[in-house]
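Examining the three-dimensional arrangement
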Amino acid sequence: MINEFPQTLTIAGSDCGGGAGMQADLKTMQMRRVFGATVIVAITAQNTLGVQKAYPLTTEQINAQFASIADDFRIRACKTGMLADIPTVQIVAENLRRYDFGPYVLDPVMVAKGGAKLLADDAIAEVKRDLIPLCTLITPNLPETEKLTGIKVEQPEQMKEAARQLQSMGAKNVLVKAGHFNDPDYATDYVLLADQRDFWMKAKRVHTKRTHGTGDTISSCIVAELAKGKPIEEAIKISKQFVTASIANTIQIGHGHGPLNLWAFGGEK
Ligand SMILES: Nc1ncnc2c1ncn2[C@@H]1O[C@H](COP(=O)(O)OP(=O)(O)OP(=O)(O)O)[C@@H](O)[C@H]1O
Ligand SMILES: Cc1ncc(CO)c(N)n1
């Protein structure tokens, strides 16, 4: 039957270096055996050393891509990544309200590993108002958590407090990622589900600077699992294992924050 195969959509920026952004999303989706489509909202000239240039696309260019996807595919789960600026956040929110793309994972990307801004500061309020109430799951890292909630996260207890606040802002489920936490031994993420159950996901911290695209990878893996019909708790747990294996089994590409080894965890038939 047409459109029976699980299809996913990433609405994100392009990383020509292939390690983050929509490229990391597509590669992860491919590994998890779902079909990946893209709405590109910005093009970056980027490598493992940093972001050299960023060019947002126009509202018209973004709208045209959404219409093409909606006219032909049956998207079962989607995500947003880099959203650049206020007009982009607004047009993406409008399209997410217009079309049903299934569960929506909001990765509130703000700053690249090298320090480049991928979201204008004045667009953060827009993300809070327009996108958080639409999302099934939000997946902020610690600096993003602090910007969205105003809570300074120095202790695990503050990750919980921030997650509760993100829920009160409209996010149904919350995954607070701990890549930036100052624990030298473990990377321990916190999950608060819509039904108020919560849990920690602990993995050995890998001492490497080859962590370009970790956030994109975990969120797109969750999207893939949701598209296949996995319950959200299971989707999040598998994705933590997927990203941990991808970080732990380094591949030597580029001179800086190198990309992950997305083959490491393996796919699924
Ligand atoms: N050095 C590490 N060792 C093990 N796990 C890590 C490491 N760094 C990050 N992680 C894990 O990777 C996932 C992504 O978290 P992180 O906080 O790095 O996201 P991010 O900052 O949004 O990433 P990016 O901006 O590069 O896409 C989380 O599950 C986190 O615990
Ligand atoms: C385009 C793009 N999206 C997201 C990130 C964050 O990993 C990045 N570095 N580049």
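Numbers given to residues run from 1 along each chain, matching the order in which its sequence is written. To read the labels, note that chains go from A and ligands from 1, taken in the order they are written. Confidence filtering applies because this is a predicted model: local features only for residues at pLDDT of at least 70, side-chain atom pairs given and counted only at 80 or more, and all residues used for totals across whole chains, interfaces and linings. For the side-chain quantities, the full set of heavy atoms in the structure was used; hydrogens and water were omitted.

1. So, the side chain of Lys230
A helix here means a DSSP run of H or I that spans at least four residues, while a strand means a run of E at least two residues long, and both kinds are numbered starting from the N terminus. Its location among the elements puts Lys230 in the loop between α7 (214-227) and α8 (232-248). Throughout, a residue-residue contact means that at least one pair of heavy atoms, one from each residue, lies within 4.5 Å. When near neighbours in sequence (up to four residues on either side) are disregarded, Lys230 contacts Glu225, Ala235, Ile238 and Glu268.

2. Considering the site of ligand 2
One heavy atom suffices: a residue is near a molecule or strand as soon as one of its heavy atoms comes within 4 Å of it. Around ligand 2 sit Gly13, Ser14, Ala20, Gly21, Gln46, Met82, Val109, Ala112, Leu118, His212 and Asp216, and those are all the residues in its vicinity. Any pair of nitrogen or oxygen atoms within 3.5 Å is treated as a polar contact; in protein, a donor-acceptor pairing is required on top of that, and neighbouring residues in sequence qualify only through side-chain atoms on both sides. Contact between ligand 2 and Gln46: a nitrogen atom at 2.8 Å from a side-chain N or O atom of the residue. A distance of 2.8 Å separates an oxygen atom of ligand 2 from a polar side-chain atom of Asp216. In short, Shrake-Rupley with a 1.4 Å probe defines the accessible areas, and a residue's cover is counted only from the protein chains shown. Alone, ligand 2 offers 290 Å² of accessible surface; in the complex the protein occludes 93% of this. By residue class, the composition of the shell around ligand 2 is five nonpolar, five polar and one charged. Side-chain classes follow a simple rule in which Ala, Val, Leu, Ile, Met, Phe, Trp, Tyr, Cys and Pro form the nonpolar group, Asp, Glu, Lys and Arg form the charged group, and the remainder, Gly included, forms the polar group.

3. Observations concerning a nonpolar patch on the surface
Residues enter patches when they are more than 30% accessible in relative terms and free of salt bridges; like-charged ones are connected within 9 Å and nonpolar ones (Val, Leu, Ile, Met, Phe, Trp, Tyr) within 5 Å. For this document, the term salt bridge refers to a Lys or Arg side-chain nitrogen within 4 Å of an Asp or Glu carboxyl oxygen. There is a patch of nonpolar side chains on the surface, built from Phe5, Phe35 and Phe73 and spanning about 280 Å² of accessible area. Inspection of the secondary structure puts Phe5 in the segment before β1 (7-15).

4. Section: α8
Every helix has an expected span of 1.5 Å times one less than the residues it contains. In this model α8 runs 24 Å from its N-terminal to its C-terminal C-alpha over 17 residues, within 8% of the 24 Å that 1.5 Å per residue would give. On its buried face, α8 is in contact with α1 (21-31), β6 (137-138), β7 (173-176), β8 (186-192), β9 (198-204) and α7.

5. As for helix α3 (residues 86-98)
Here α3 spans 18 Å end to end across 13 residues, near enough to the 18 Å set by a 1.5 Å rise per residue. Considered for burial, the residues of α3 that qualify are Thr88, Val89, Ile91, Val92, Ala93, Asn95 and Leu96. The inward-facing, buried residues of α3 abut β1, β2 (35-47), α2 (59-72), β4 (75-80), β5 (104-106) and α4 (124-131). Note on exposure labels: buried denotes an accessible area under 20% of the residue type's maximum, exposed denotes more than 50%, and partly exposed covers the range between, all computed with a 1.4 Å probe on protein chains only.

6. Focus: the sheet that holds β8
Neighbouring strands of a sheet are bound in pairs by backbone hydrogen bonds; such pairs are parallel or else antiparallel. Read from one edge to the other, the open sheet built from nine strands follows the order β3-β2-β1-β4-β5-β6-β7-β8-β9, with strand pairing classed as mixed. Pairing within the sheet leaves two strands with one partner each, and these edge strands are β3 (50-56) and β9. Strand direction decides the pairing type here: β4 and β5, joined by three bridges, are parallel. Bridge pairing in β5 links Thr80 to Leu106. For helices, the axis comes from a line fit to the C-alpha atoms of the stretch in contact; other axes are also lines fit to C-alpha atoms, and the angle between any two N-to-C directions lies between 0 and 180 degrees. Those strands touched by α1 are β1, β2 and β4, and its axis lies near 150° from that of β1. Contacts from helix α6 (residues 156-168) reach β6, β7, β8 and β9 within the one sheet, and its direction differs from that of β8 by about 30°. Strands pair, by our definition, only if DSSP identifies at least two bridges between them.

7. Re the UniProt feature "domain: Pyridoxamine kinase/Phosphomethylpyrimidine kinase" (unreviewed entry) in the protein chain
The residues that UniProt annotates with the feature "domain: Pyridoxamine kinase/Phosphomethylpyrimidine kinase" (unreviewed entry) are residues 15-261. Helix makes up 40% of residues 15-261 and strand 20%. Its end C-alpha atoms lie 16 Å apart. UniProt positions are given in the numbering used here, feature names are shortened, and annotations may be inferred rather than shown by experiment.

8. As for the pattern of salt bridges
Summed over all chains, the structure comprises 14 salt bridges. Two residues, Glu233 and Arg197, come together in a salt bridge whose shortest N-O distance is 2.6 Å. Linking Glu233 in helix α8 with Arg197 in the loop between β8 and β9, this pair joins segments that are 36 residues apart in sequence. Overall, Arg197 belongs to the partly exposed group, its relative accessible area being 43%. What you see here is one network of salt bridges that share partners, running through Arg32, Glu225, Lys228 and Lys230.

9. Remarks on the packing of aromatic side chains
Each Phe, Tyr or Trp ring, with Trp reduced to its six-membered ring, pairs with another whose centre is within 6.5 Å; inter-plane angles below 30 degrees give stacked pairs, above 60 give edge-to-face pairs, and intermediate values give tilted ones. Evaluation of the coordinates by the stated rule reveals five aromatic pairs. Both rings, one in Tyr99 and one in Phe101, keep their centres 5.7 Å apart while their planes meet at 35°; by these two values the pair is tilted. Ring pairs connect the aromatic residues Phe66, Tyr99 and Phe101, which therefore count as one cluster. A ring has a charge above it when a Lys NZ or an Arg CZ is no more than 6 Å from the ring centre and no more than 35 degrees off the ring normal. Between the NZ or CZ atom of Lys202 and the centre of the ring of Tyr186, over which it lies, the distance is 4.1 Å. The ring of Phe199 is capped by Lys237, whose NZ or CZ atom sits 4.6 Å from the centre of that ring.

10. Digging into the pairing of β7
What you see with β7 is no split at all: Asn173 and Leu175 on one side and Val174 and Val176 on the other are buried throughout. Alignment of β6 against β7, held across two bridges, turns out to be parallel. Looking across to β7, one finds that Leu137 is bridged to Asn173.

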